[in-house]
Structures are given as structure tokens and as C-alpha cells.
Amino acid sequence: MGSTRTSAQTTAIQDTLLTGYTTSSLTPLYYGLGTDRLGGARMETLDSGVVLTITGRVDRGPDTTQRLWRIRLAGALTAFVPAAQVTTDTLPTGHSPTGLLTGNWTVYGDTAKPARFDYVAIRLPARLPYRSQQQVDPSRILIDIFGATANTNWITQLRSVQAIRAVWFEQLTDDVFRVYIDLKQAQSWGYSIYYRQSTLIVRVRRPPTRRSLRGLTIAVDAGHGGSNTGARGLQSGLLEKNQTLDVAQRLQKRLERAGATVLMTRLSDTNIGPSDRIRAMRRALPDLLVSIHFNSSGNTAVRGVSTYYKHVGFRRLSEAVLNQLVRARVGKATTSEFGNVGHFNFFFNGPTDYPNVLVEGPFLSNSADEALIATEQYREQMAKAIRRGIKRFVRQK
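Residues numbered from 1 in each chain as written. Predicted model: local features only at pLDDT ≥ 70, side-chain atom pairs only at ≥ 80, totals over all residues. Heavy atoms only, no water.

**Student:** How should I be thinking about the packing of helix 3 (residues 315-325) against helix 5 (residues 376-395) in this particular structure?
**Tutor:** For any two helices packed against each other, the geometry comes down to the angle between their axes and how far apart the axes lie. Where helix 3 meets helix 5, the closest approach of the two axes is 8 Å, and the angle between their N-to-C directions is 140°. Between helix 3 and helix 5, the angle is such that the two are oblique. Considering the relative orientation of helix 3 and helix 5, their crossing is right-handed. Taken together, the residues of helix 5 that come into contact with helix 3 (itself represented by Arg316, Leu317, Ala320, Val321, Gln324 and Leu325) are Met382, Ala385, Ile386, Arg388, Gly389, Ile390, Arg392 and Phe393. For the contact of helix 3 with helix 5, a count of residues per class yields 9 nonpolar, 2 polar and 3 charged. (Axes fitted to C-alpha atoms, helices over the stretch in contact; angles between N-to-C directions. Helix = DSSP H or I, 4+ residues; strand = E, 2+ residues; numbered from the N terminus. Parallel < 35°, antiparallel > 145°, perpendicular 65-115°, else oblique. Left-handed = near helix turned anticlockwise from the far one by under 90°. Contact = heavy atoms within 4.5 Å. Nonpolar A, V, L, I, M, F, W, Y, C, P; charged D, E, K, R; others polar.)

In C-alpha cells:
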């Protein structure tokens, strides 16, 4: 995939006052205007129809497709959204709802088979913006709902719940309503947030019933493809897109032999965009996902294997895979550890719907690493290592 460089955005913000709605179920909510080649740092991905208070405009280029809206979430807390994913002609200027009252909740689980999820349904008067985060020790989901004031007077909890231990709330400030969802399992298996009319739904994934690969649905993403070639080997001219597909197909065979169902994001040299890959996985809802890449750097001395996660609740998966990757070798030839990188801004690390890990194989820009990648034996060892890492993750309690 290659290294990233962060740049500060100094574009002037023009004050304005509008009300808007998100038009996409994949609307990114950015902390600020900083960016790198992976994009800006994301606070959340919002559902469609979420009402926003717009307080400023930023034009990053000559056309409106590069425009961002600054939005007020609460107090002095602001964020930015792409203007292309917001409509501003629905409500009168400056009349977005704030301080609206929360309703009552229902917490329940699937009863029809396959029973895979628990749900928290929070009744609200409008589709208000939100952000979420994972916590560990204890395993917990936190959700802040902006513009809401507590008027929840009961929470109905049904016995069909299996993954959720307890739920409660507190009013952090006048316009920040915080939801707590404690999980029974130390390992989070993911959650989704979306609206059903004006009811906020938090869908919590239950852990697998068996601690083995058999019966799991695992998504394997071969990075890049088509015109998106990725990195190129300095000595051999190897293209990253071809090596990722080779390792992905080897991993697919090994997972299927272990009894897993494997979903491949691509099976050939095709270019599938990030949004299309994310939407496909949202529909398929795998139990977990691994995205395979090879690294590159402008410094040819840098080498090693690495794994990447964004959400701390999925750190265990990236650790388990890295612990196996560092052992992959061909004869006496091996590579070093580049590290386990957290809060990484790769698009497939963003979803909270399922545990996910980005695997970066050795550096195509380093001659020793490149020589390893070029051998079929190493690519086979890499696939074996990823499978072992996934297996050890699934066995954890």
C-alpha cells in the first residue's frame, strides 16, 4: 500500500448558517480539515437523512465536488462533511432541531434463525447526528447523540438478548446524550448503527457459537486491481495488485478447507472502488474481514510485515495475525516486524460491523523483502500465517 504523509489544510472557512440532511448511508464525518492520501481522520460514518446544523463552508478546489460543510455537533464541537453528500434545501435556514427529547428504548434479540444479532432501539424525534466508539476492559460500545436531551423514562429489555449485558445512559452536556452498551464477551464481534424512521438502531453482532473456522463467513479482500496497480517492485517490477490476488486466493483455499465460507471482494484483475467494496460487505455481513496488501516506502532500507486496525475492539485480530506473519519464512530467509498500527485510516478498517484487519506484506521497495515476495513459497507461507492468525483469534474468549 505504501507510506502516508499528513498535510495541514489551511483553506479559509466562510461562515454560513444552513440546515441540511445527509443523502448517503456512507456519509463521512471528519474531525477537521487535515488530510493525507487516505483522506481525513474520520469521527463517524453517518446514515442517510441525518439532520445537520451547517455553520461554515470550505472550498478546497475550483468545483463544488471538493466543498466541505462545517457542522456544529455540540457546544464548541464541530466536524466536517462533504457537501456532495448533503442537501440543504429541505428546512428553513438555521432551523435544525436541538435539545430534542429522547424517547423510550427497547433491547431485544433475534428469535428467528439464523439468530445473529441483538438490538437497541432508541426512539428520537429526528435523525440526529451521532458518533460511536469501542472500549475494552470492560467490553463496551459508547454512542453520543448530538442535540438530544434525556427524556427516557424506561428501557424494556427482553430475554431474547444474548450478547448485551446491560444498557444505560447519561446526559453529558445540554446537547450530548451518551448511550452505554456493555457486552458479555470480552471480544466485540461488531455493531452497526442506522436509523429506522427516527428510531436509532444499534445492531450488535453475537459471537460465533463455535470457536473454530468451520461455519464462519470470512471476507478476503485482494487489495488494488485493474488500473489501480498499487506498488511496484524496484528490482522485479512485480505489481502489488497481482501479488495480493495470489495470496488472497491461497488464503481462500486454506480457509475453505477448514470449513469456512469465503467471500472474495475480487476474483480477477478488476478495479472495484472503496465505496462499492464497503457496500458489498455491508450486504454480506461477514463474521470478519482481512484485506491483503504489500507495503512500499521511499526509504529502500525499510522492511517488514505489519497489520493495521482502526477500532480498539478489533486490535486482538490484528495482533493475532501479526504474531503469525513474523514467523513466515523461506528456508532461512525471513523479514522483520514493521509493527501493529492502530487507528489507521484505511477504508476497510473503518466499518464497525465486523472485526477487520489490514495485512501489509513485506516491502516491494526493499530488495530483500522483494526477493521474498517474488517466491511462490513465501506467498504460500504468508497465506498460512494469516489463516493461523484468524484461527487463534476465533479461539480467544
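**Student:** How should I be thinking about the nonpolar core in this particular structure?
**Tutor:** Side chains that are nonpolar tend, in soluble globular proteins, to be buried together. Counting 43 residues, the largest nonpolar core has Ile71, Val120, Ile143, Ile145, Ile181 and Leu200 as its most contacted members. The dominant element in this core, judged by the number of residues it contributes, is strand 16 (residues 176-183), at 5 residues. Contact partners of Leu200, with chain neighbours within four places excluded, come to Val120, Ala121, Ile122, Leu124, Tyr130, Ile143, Ile145, Ile193, Tyr194 and Tyr195. Formed by 40 residues, the second largest nonpolar core is a distinct cluster that contains Leu238, Ile292, Val305 and Leu317. (Core = buried A, V, L, I, M, F, W, Y, C linked by side-chain atoms within 4.5 Å. Buried < 20%, exposed > 50% of the residue type's maximum accessible area, 1.4 Å probe, protein only.)

**Student:** Looking at this structure, I do not really get the side chain of Glu370. What am I missing?
**Tutor:** Summarising the element assignment, Glu370 is placed in helix 4 (residues 367-373). Of note is the side chain of Glu370, whose polar atom sits 2.6 Å from the backbone nitrogen of Ser236. Beyond its immediate stretch of four places on either side in the chain, Glu370 contacts Gly233, Leu234, Gln235, Ser236, Gly237, Phe363 and Leu364. (Polar contact = N/O pair within 3.5 Å; in protein donor to acceptor, adjacent residues only side chain to side chain.)

**Student:** I tried to follow the pairing of strand 21 (residues 288-295) on my own but got confused; where do I start?
**Tutor:** Remember that side chains alternate between the two faces of the sheet whenever the strand is regular. In terms of burial, strand 21 is largely enclosed, as 8 of its 8 residues are buried. Of the two faces of strand 21, both are covered, the one formed by Leu288, Val290, Ile292 and Phe294 as well as the one formed by Leu289, Ser291, His293 and Asn295. Pairing analysis gives 5 bridges linking strand 19 (residues 217-222) to strand 21, with the strands arranged parallel. Counted as the bridge partner of Ala219 is Leu289 from strand 21. In this structure, strand 21 lies alongside strand 26 (residues 356-363), joined through 7 bridges in parallel fashion. Paired with Asn295 across the two strands is Phe363, which belongs to strand 26. (Pairing = 2+ DSSP bridges.)

**Student:** Just checking my understanding: could you explain the packing of helix 1 (residues 240-257) against helix 5 for this structure?
**Tutor:** Where helix 1 meets helix 5, the closest approach of the two axes is 9 Å, and the angle between their N-to-C directions is 50°. Between helix 1 and helix 5, the angle is such that the two are oblique. Here helix 1 runs over helix 5; the crossing is right-handed. Here helix 1 contributes Gln243, Asp246, Val247, Arg250, Leu251, Arg254 and Leu255 to the contact with helix 5, which in turn contributes Glu376, Arg379, Glu380, Met382, Ala383, Lys384, Ile386 and Arg387. Taken together, the residues of the contact of helix 1 with helix 5 break down into 6 nonpolar, 1 polar and 8 charged.

**Student:** I would appreciate a short explanation of the sheet that holds strand 12 (residues 140-146) in the present structure.
**Tutor:** Within a beta sheet, neighbouring strands are joined by backbone hydrogen bonds and run either parallel or antiparallel to one another. Pairing is antiparallel in the open sheet, where 4 strands are placed in the order 11-12-16-15. In this open sheet, the two strands that pair with only one neighbour each are strand 11 (130-135) and strand 15 (164-173). Shown here is a sheet whose adjacent strand axes are inclined to one another by a mean of 15°, direction ignored. Note: strand 12 against strand 16, 7 bridges, orientation antiparallel. Bridging across to strand 16, Ile143 finds its partner in Val179.

**Student:** Help me understand the side chain of Asp47, please; the structure alone is not making it clear to me.
**Tutor:** Following the sequence through the fold, Asp47 ends up in the loop between strand 3 (42-46) and strand 4 (51-59). Given a relative accessible area of 10%, Asp47 falls into the buried group. Polar contacts involving the side chain of Asp47 include one to the main-chain amide nitrogen of Tyr195, which spans 2.8 Å. Excluding residues within four positions of it along the chain, Asp47 makes contact with Thr22, Ser24, Ser25, Arg127, Tyr130, Tyr194 and Tyr195.

**Student:** Is there a simple way to explain the pairing of strand 18 (residues 199-205) in this structure?
**Tutor:** Counting buried residues in strand 18 gives 7 out of 7 residues, a clear majority hidden from the surface. Judged by which residues are buried, strand 18 turns out to be covered on both faces: Thr199, Ile201, Arg203 and Arg205 on one side and Leu200, Val202 and Val204 on the other are all buried. Bridging between strand 10 (residues 117-123) and strand 18 involves 7 bridges; their strand directions are antiparallel. Among the inter-strand pairings, Asp118 is bridged to a residue of strand 18, identified as Val204. Pairing between strand 17 (residues 191-196) and strand 18: 6 bridges, direction antiparallel. By the bridge assignment for strand 18, Ile193 is matched with Val202. Here strand 17 hands over to strand 18 after 2 residues, with Gln197 in that stretch at a positive phi of 55°.

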